[in-house]
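Structure at a glance
Here is what each chain is made of, one letter per residue.
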Amino acid sequence: MRDIVDDSRWDRPLQLLGGLHYLALSEGLDPWGDPVPVLEARRDWLRRFVRERGVQTNEVQRSWVLLPCFLDIARRTGVEIIDLLELGSSAGLNLLWDRYCYRYENGTWGDEDAPLSLSGEERRAVPAELLRLQPRVRHRRGVDLSPIDLTRPDDTLLLKSFVWADQTARLERLDHAVETLRSEPPALERGDVVERLPDLLAERQLGALTIVFATAVIGYVSDEGHDQIVAALEEAGRQFPLAYLWTARPRPGEHGYWGLWARLLPDGDALLLAHAGFHGQWLEWLDAPE
């Protein structure tokens, strides 16, 4: 395997497994029982895949834990119209959260006939009051270092290759999310989230609350970079209605969940709304409507 992966970068094993899954999906190969024959037969192809294809994931299940946060921001601000800007959007599946159906202990939200229905484990229930809110998304936009275009079959195949073959529920969710996206794709652009944010905020349109949100990408942004993001948001928040929704790393010694935080700009305090599993599989709602 050393002639396929020639360094010890942390993501190399993920890239190699993704390459094997790509071959399984695209050519019907079975590399899982005994991968050695496939590694030997497709050595050159796998070497190129590992060299050229970075790890790509976009877990749409996270929308199930994000939805109550968007609703809570709408409750606090009293807005009915929202513009979305996602930092680290990948394929943009979580930009489409308002097009999915959701199931919680205290009710459902969204179109019951939507191609994708999301649910999970509630460790503390989302209040029914939030689920009655119906804000409308007007515009949606995302920025990512390597955005994925799911209107292209090869990009869809690449995204699926980084969902492991035995995770059939995730693969099924992804198929339904892709179906939803292709009916009306969001606007995605290639760029560094820290560098592009000020210009993207300057291009906002009047008549809506802009919600900037970020999930997994924050873990890859330096502390200095995140300070720049917050500074840009505070400056923009002095000019037009703006909210920030993000996930924070667990505190030292705590594992397996995110903190879901929201802030109304420019002067609002950071509010811890919920704890959640990293892939959105469970949610503990902490905030309560006043």
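Coordinates for the structure precede this section.
Since the structure is predicted, the reported quantities are computational estimates derived from the model, not experimental observations.

Our focus in this paragraph is the pattern of salt bridges. The final tally for this structure, using the stated rule, is 22 salt bridges. A salt bridge links Asp 175 to Lys 160, with the nearest nitrogen and oxygen atoms 3.1 Å apart. On the criterion of sequence distance, the pair formed by Asp 175 in helix 7 (residues 168–183) and Lys 160 in helix 6 (residues 153–161) is long-range, its members being 15 residues apart. Its relative accessible area of 39% is what places Asp 175 among the partly exposed residues. Classification of Lys 160 as buried rests on a relative accessible area of 19%. The network of salt bridges with shared partners includes Arg 141, Glu 189, Arg 196, Asp 199 and Glu 203.

Moving on: the side chain of Ser 161. Within the secondary structure, Ser 161 sits in helix 6. Those residues in contact with Ser 161 that lie beyond four places of it in its chain are Gly 18, His 21, Tyr 22, Leu 25 and Phe 49.

The strand order across the open sheet built from nine strands is 5-12-11-10-9-8-1-6-7, with neighbouring strands paired in mixed fashion. The open sheet terminates on both sides in strands that have one partner only, identified here as strand 5 (121–124) and strand 7 (187–190). When strand polarity is set aside, the average angle formed by the axes of neighbouring strands in this sheet is 20°. For strand 1 (residues 81–87) and strand 8 (residues 209–214), the ladder comprises six bridges, and the chain directions are parallel. By the bridge assignment, Leu 84 is partnered in strand 8 with Ile 211. Contacts from helix 9 (residues 223–237) reach strand 1, strand 8, strand 9 (242–248) and strand 10 (258–265), with the element oriented near 160° to strand 9.

Analysis parameters
- Residues take numbers from 1 onward in each chain, read along the sequence in its written order.
- Only residues with pLDDT of at least 70 are given local features in this predicted model, and only at 80 or more are side-chain atom pairs given and counted; all residues enter the totals for whole chains, interfaces and linings.
- Side-chain descriptors were evaluated using all non-hydrogen atoms of the structure, hydrogens and water having been removed beforehand.
- Salt bridges are defined by distance alone: a side-chain nitrogen of Lys or Arg within 4 Å of a carboxyl oxygen of Asp or Glu.
- Each helix corresponds to a stretch of at least 4 residues labelled H or I by DSSP, and each strand to a stretch of at least 2 residues labelled E; elements are numbered beginning at the N terminus.
- Relative accessibility decides the category of a residue: with a 1.4 Å probe and only protein chains considered, values under 20% of the type maximum give buried, values over 50% give exposed, and everything between is partly exposed.
- Note on contacts: a residue pair is in contact if any heavy atoms of the two residues lie within 4.5 Å.
- The criterion for strand pairing is that DSSP finds at least two bridges linking the strands in question.
- For every element, the axis is a line fit to its C-alpha atoms; helices are fit only across the contacting stretch, and the angle between N-to-C directions ranges from 0 to 180 degrees.

Read these as layout, nothing more, since geometry by itself doesn't imply function.
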